[in-house]
Structure formats: C-alpha cells, structure tokens
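For reference, the chains in residue letters:
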Amino acid sequence: MTEKLNILFASAEVVPFAKTGGLADVSGALPKALKELGHNVIVVMPRYYCIETSKLEKIPQPLGVPMGVLGEFWAGVFKTTLPQSDVEIYFIDYEEYFGRAGLYGDHNGGYPDNDKRFIFFSKAALQLCKMLHFTPDIVHANDWHTASLPLLLKTRFVHDFAYAASVLTIHNLQHQGYFPKEDIEVLEVGWEYFNPHSLESLDGINILKGGIAEADAITTVSKKYAQEIQTPQFGFGLDGHIRAHSSKLFGILNGVDYTQWNPATDPFIAKNYDFDDMRGKQLCKRDLQQRFGLDLRDDVALIGFVGRFAKQKGIELIANVIHSLLDSDIQIVMLGTGESWAESFFSEVAHLRKNFAVHVGYSNELAHKIEAGCDMFLMPSLFEPCGLNQIYSLRYGTLPIVRAVGGLDDTIVNFDENSKTGNGFKFYDATPEALYNTVIWAVDVYENKKEAFAKMQRFAMREHFSWEDSAKEYTKVYEFALRHKRGEYDEA
Ligand code: ADP
Ligand code: GLC
C-alpha cells in the first residue's frame, strides 16, 4: 500500500486561472489526479492581475515573506479549489510584483525583476505551508520559477521542513532563470551554493541549474526529452550538469484532461462527435472554414497550428515553406501569438493567400475549434519536452504531423504504408524540405488513401493518455525522492 503524502505543488501558472502554455494545463490537472490517488495536495501560484479575487476566499492573516537583504515583505493570500475537485489552490497576492498585465513580461521582454518576483513567490510558498500548519512530505517545483525551492529547503527553511523531499519538474530547459549573483543575498541560501556544481553559472546564478543539483529527484515531461536534455543538442548548456545528476532523473509523460479536451462533450465546437459517428467533425470543419473566411469545402485537406509563435515551435520552418505548401490545394489555419516578426509575417501571408488564415492572439475557444475542425495538426517543433496539442489532436481525430523530438516522438506513431497503421506523420530533419515533403505525403494519404486515414483517426481517438497513470508514476518518484532525502542510495 502506497503511503499517502502531503504534497506542496508550486507553479507559476495554473489552468483556469492564468496560462501561457502547457505548464498551466499540467498544473491544473496533475494535482487533481494525485489527490484522487489519496494524496493530500495543495497548489500555490501567484495572484496575477488577470485573476479576479471577488470569487476567491481571502485568508485574513497577512503572510510575511523574508527577502534577505531586502527585508521582510507582506503578502495577501487568497484561496479556492481547482474546478471539479476539492484540491485547494492558494494565490500569493503582492501588487508590486504580480499586479501586472503579463505573467513573465511585456513587449520589451521579460520583466527586469523576475528574479525577485519568483524568489519571493518560492519563499512565500514555504511560508504559506507554515501559516497553514501544512507539513509537506514532498515539495514539487516546476520550471525555473520555483526551482529555488530545493535549495531553500536545504538552507533558509531547513529547520522548518527537515523531512520534506523536493522534486523538480523541467517542462522547458530553455528558460533557466539566470540572474546576478547578488541574488544569493535575497535567496539566503549561503554563498557556499555559489559554486559551479550548484547555482553558479558565468559569474551569475542559474536558478534551474541550482534546482537540478539540489532536488531529490528531477523529472521531465516525456521519456525522450529526459534523454535529449543530456545531449549538447538539446541541453541548452546544462547537458553535462544533467548527466551528472542522471541517476535521479525520470521522464513521465503528461496526460490529458479529458473533461476539457473531448469532442464528445466539448462546448466550444459546432457539433459534438466521437469515433462511432464522425458526422459532427464535418460540421466543425465547415464552422472553422466559415470562422476563418476560407472556402467552404469538405474535400480539401485542412491543416491547423495552435501554439506560441516561438522558435521552439518550428515557426521559422513553417514560414520557409508556407507559400510552396499553399500552392497545393490545401487550407491552413494558424492560431498563435509571440515573436512579432511571425505575427506580421503570417498576417501578411493571410492577406495574400486565400487558402490561409491566421488569428494572432490567444483564444481558448478557437484552439478547441481548430482541434475539432481540422483534418491534420501541424507541430514541427525544434524541441518539444512533451507537447499537449498533438495529444489533444489525437482525441479529436485530427492527425498530427510532427517532428520526431521529445514528447512528439513518444506519442506519435508514424503512418506505415504497408500495415496501414499509425496515428500521424513524422519527420526527422529540422529542414523546410522534410517538413514540406511530410505535409504533402499526409495530404496524399488524406486524399487518396481515405480508408487508411479513417482507420488512423479511429485508432487515434481511442488512445488514452491518462493523468491517473502519470500520477502513479509521480508517486514512485516521490517515494524515490524521500529515500534520496534520507540518504538511501537508489538509481533511477
Ligand atoms: P507549450 O507549453 O510549449 O506552449 P504545449 O503544447 O505543452 O506547449 O501547450 C500549449 C498549450 O497552450 C495548449 O493547451 C494550447 O492549446 C495552448 N495555446 C498555445 N497558444 C495558444 C493560443 N494562441 N490560443 C489558445 N491556446 C493556446
Ligand atoms: C512546456 C513544453 C511543452 C510541455 C509543457 C507542459 O512548456 O514546451 O512541451 O508540454 O511544458 O509540460
């Protein structure tokens, strides 16, 4: 019988309160799955300006947060539960740091005080536990924003939480939290951690690097990505450091919250459908074409993209081949926001080509409509720790066209012409030619091998990426972390 654990889950974004990407989806779903396994989980996130407080419960006491040389700051705390669950989520309210439009930055880039903002948030998360008399067995940190937690547990908070083990999940190694070394005095971890095996990097501190060194266990969001980040190609300068800690590194694939992403119940799409009756999908396609001002045609292959306009997502590759692709009889729709060159470039393409449309901005409703209305979903990422949209696409019978990296490689099985099996289309080289050829191949299967295409759709729609399974794997990692904390040697 597995031990029931007290878990503090700290994240910079959580669905449905604030989201820029998949981290929020994971943080809104994994804690619920852990709770269903019997663990006692609380979630904590910053209270950004976009989070309405009128429906939240206000905790009467203020929360004191020690900020080292900067002194003690006082935060407010709000509370509610994650939707359709009794998992408590707490919001750290501090106007000066979080009362802003963006989560991490604005048009000028990242906020210059992101170091202070997220050191503050991480310390506030531990202070909150003290205020609630919640003694965590596990402190689960996510990405660089909360990666100082493993260090704080060993130093500033060592007497408060002597037995708590830490787990750090890397959702994206690209962002590491690199700041001036003077932040050590705000962190209060002690200068002994300013060494190249821990926080130190190029005469500054790298919070993610320190977290990797000091956490009792590290996870990434797919098994393939756990391998990839140990190589120079995907390691963003930390591959050697990660290799040195590989005995405590695990890969656990994200799941899907099927209460949100399911064509049979999705409230955002024109008509619900499922694998036993796909007629609704045709209506969703019409609806999408209408919404984006494309020709209303059933017979044309409609390909979608939803995601951040960031280099990671392969938008440069798409930009390279978009005109050649659009010379074929296909339609493409894109939804995204991010790098401004991409926003203007794709808007310009939409202006020039009648079989292409883009919505620059963030729209959950359109994301759902694209999943449902398209025949195929494009994700040519340069790297992809897990990727959620390709897994959502499977449930909608929208076959993914992906580059074989990270979670994309772990979840998509390439179409096999002989056995007529697979759940999507994969390419390997990050080149415009490989992308172009694969899209054209997928369109050919769509047009000329209709039965095989339909078989793949039915197969894809029946696949199940369960959070319950992932939560069971996290439980094993938590147990590993507790053994690690107690000094019992163990290999990943
Ligand atoms: P990442 O976290 O790297 O951005 P993921 O595939 O894990 O990539 O998750 C992205 C999530 O953000 C998905 O839920 C996707 O639907 C959503 N998303 C990204 N861009 C947009 C957008 N412009 N509008 C609506 N949803 C978006
Ligand atoms: C990151 C990754 C993405 C992953 C998500 C949730 O933002 O880029 O691949 O799915 O986190 O883990």
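Sequence order as written defines residue numbering, which begins from 1 separately in each chain. Each chain is given a letter, starting from A, and each ligand a number, starting from 1, according to the order in which they appear as written. Under the rules for a predicted model, residues below a pLDDT of 70 receive no local features and side-chain atom pairs below 80 are neither given nor counted, while totals for whole chains, interfaces and linings still include all residues. Hydrogens and water molecules were not included; the side-chain quantities draw on all heavy atoms of the structure.

*Asks:* Explanation requested: the overall build of the protein in the structure shown.
*Replies:* Only runs of H or I of at least four residues qualify as helices and only runs of E of at least two qualify as strands under DSSP, and these elements are numbered from the N terminus. Summing up its helical and strand segments, the protein has 17 helices and 20 strands in all. Over its C-alpha trace the protein gives a radius of gyration of 23 Å, about what one expects of a compact globule, namely 23 Å for 492 residues. Within the protein, the fraction of its 492 residues that count as buried is 60%. Expressed as a percentage of contacts within the protein between residues at least 6 apart in sequence, the contacts between residues at least 24 apart total 71%. Methods summary: accessible areas were calculated by the Shrake-Rupley approach with a probe of 1.4 Å, and residue burial reflects only the protein chains presented. By element, 51% of the accessible surface of the protein is carried by carbon and sulfur atoms, the whole surface being about 19400 Å². Our radius of gyration looks at C-alpha atoms and nothing else; its globule reference is 2.2 Å times the residue count to the power 0.38. Exposure categories follow from relative accessible area, calculated using a 1.4 Å probe and restricted to protein chains: below 20% of the type maximum is buried, above 50% is exposed, and the middle band is partly exposed. Throughout, a contact is declared for two residues whenever any of their heavy atoms are within 4.5 Å.

*Asks:* Any chance you could explain the pairing of strand E4 (residues 72-81) here in plain terms?
*Replies:* The side chains of a regular strand alternate, first on one face of the sheet and then on the other. We call two strands paired when DSSP finds no fewer than two bridges between them. Bridging between strand E3 (residues 57-66) and E4 involves seven bridges; their strand directions are antiparallel. If you follow Gly64 over to E4, its bridge partner there is Trp74. Bridge count for E4 against strand E5 (residues 88-93) is six bridges, and the pairing is antiparallel. Its bridge partner being in E5, Gly76 is matched across the sheet by Asp93. The turn joining E4 and E5, which pair antiparallel and follow one another in sequence, is formed by six residues; a positive phi near 50° is taken by Gln84.

*Asks:* Before we go on, may I ask you to explain the pattern of salt bridges in this structure?
*Replies:* Pairing between side chains of opposite charge can happen when their charged atoms approach one another. The rule for a salt bridge is simple: a side-chain nitrogen of Lys or Arg has to be within 4 Å of a carboxyl oxygen of Asp or Glu. By the definition in use, this model includes 33 salt bridges. A salt bridge links Asp183 to Lys116; the shortest N-O distance between them is 3.2 Å. Within this pair, whereas Asp183 is found in the loop between strand E10 (178-180) and helix H5 (184-187), its partner Lys116 is found in helix H3 (residues 114-132), the two being separated by 67 residues in sequence. Asp160 serves as the salt-bridge partner of Lys130, at 3.5 Å between the closest nitrogen and oxygen. Residue Lys130 is found in helix H3, and its partner Asp160 is found in the loop between helix H4 (149-154) and strand E9 (165-170); the two are separated by 30 residues along the sequence. Exposure remark for Lys130: the relative accessible area of 32% places this residue in the partly exposed category.

*Asks:* Is there a simple way to explain the sheet that holds E9 in this structure?
*Replies:* In any sheet, the strands associate via hydrogen bonds between backbone groups, in a parallel or an antiparallel arrangement. Strand order in the open sheet formed by nine strands is E3-E4-E5-E2-E1-E8-E9-E13-E14, with mixed pairing between adjacent strands. Every interior strand has two partners, whereas the edge strands, E3 and strand E14 (249-251), have only one. Across the sheet, the mean angle separating the axes of adjacent strands is 25° when strand polarity is ignored. The angle between two axes is taken between their N-to-C directions and runs from 0 to 180 degrees, where each axis is a line fitted to C-alpha atoms and a helix contributes only its stretch in contact. Contacts from H3 reach strand E1 (6-10), strand E2 (40-46), E3, E4, E5 and strand E8 (138-142) within the one sheet, and its direction differs from that of E3 by about 120°. Sitting on the sheet, helix H17 (residues 467-485) is in contact with E1, E8, E9, strand E13 (217-220) and E14, with an inclination near 135° to E9.

*Asks:* It is not clear to me how the site of ligand 1 should be interpreted in this structure. Could you clarify?
*Replies:* A molecule or strand has a residue near it when one of that residue's heavy atoms lies within 4 Å. Near ligand 1 you find 22 residues, and of these Lys19, Gly22, Arg308, Lys313 and Gly361 are the closest. The definition of a polar contact used here is a pair of N or O atoms within 3.5 Å, where within protein one atom must be able to donate a hydrogen and the other to accept one, and adjacent residues in sequence count solely through side-chain atom pairs. The side chain of Arg308 places a nitrogen or oxygen atom 2.7 Å from an oxygen atom of ligand 1. Within the contact set of ligand 1, an oxygen atom lies 3.3 Å away from a side-chain nitrogen or oxygen of Asn389. Taking 560 Å² as the accessible area of ligand 1 by itself, protein coverage stands at 93%. Residues that form the shell around ligand 1 fall into these classes: seven nonpolar, 10 polar and five charged. Under the scheme applied, nonpolar residues are Ala, Val, Leu, Ile, Met, Phe, Trp, Tyr, Cys and Pro; charged residues are Asp, Glu, Lys and Arg; polar residues are all the others, including Gly.

*Asks:* Just checking my understanding: could you explain helix H15 (residues 432-448) for this structure?
*Replies:* Residue pairs spaced three or four apart in an α-helix point in one direction, given the helix's 3.6 residues per turn. Taking 1.5 Å as the rise per residue, H15 with 17 residues should run 24 Å; its terminal C-alpha atoms sit 24 Å apart, in good agreement. Among all positions in H15, only Ala434, Leu435, Thr438, Val439, Ala442, Val443, Val445 and Tyr446 are buried. Each buried residue of H15 lies within a common arc of 165° when the element is viewed along its axis, so the set occupies one face. Turned more than 90 degrees from where H15 packs its buried face, Glu433 and Asn448 sit exposed. The span you would expect from a helix comes to 1.5 Å times its residue count less one. What the arc describes is the spread of directions from the helix axis to the C-beta atoms.

*Asks:* Explanation requested: the site of ligand 2 in the structure shown.
*Replies:* What surrounds ligand 2 is a group of 14 residues, the closest being His171, Asn254, Glu384, Cys386 and Gly387. The separation between an oxygen atom of ligand 2 and a polar side-chain atom of Asn254 is 2.9 Å. Residue Glu384 places a side-chain N or O atom 2.5 Å away from an oxygen atom belonging to ligand 2. For ligand 2, whose free accessible area comes to 310 Å², the fraction covered by protein is 93%. Residue classes in the shell around ligand 2 are distributed as six nonpolar, six polar and two charged. As used throughout, domain bounds are those supplied by an automatic or database domain assignment. Both domain 1 (6-255 + 467-485) and domain 2 (279-462) contribute no fewer than three residues apiece to the shell around ligand 2.

*Asks:* Mind showing me how you'd approach the pairing of E13 here?
*Replies:* Residues Ala217 and Thr219 line one face of E13 and the alternating positions Ile218 and Thr220 line the opposite face, and both faces are buried. When E13 meets E14, the two strands line up parallel, connected through three bridges. Residue pairing for E14: Thr219 is matched across the bridge by Phe250.

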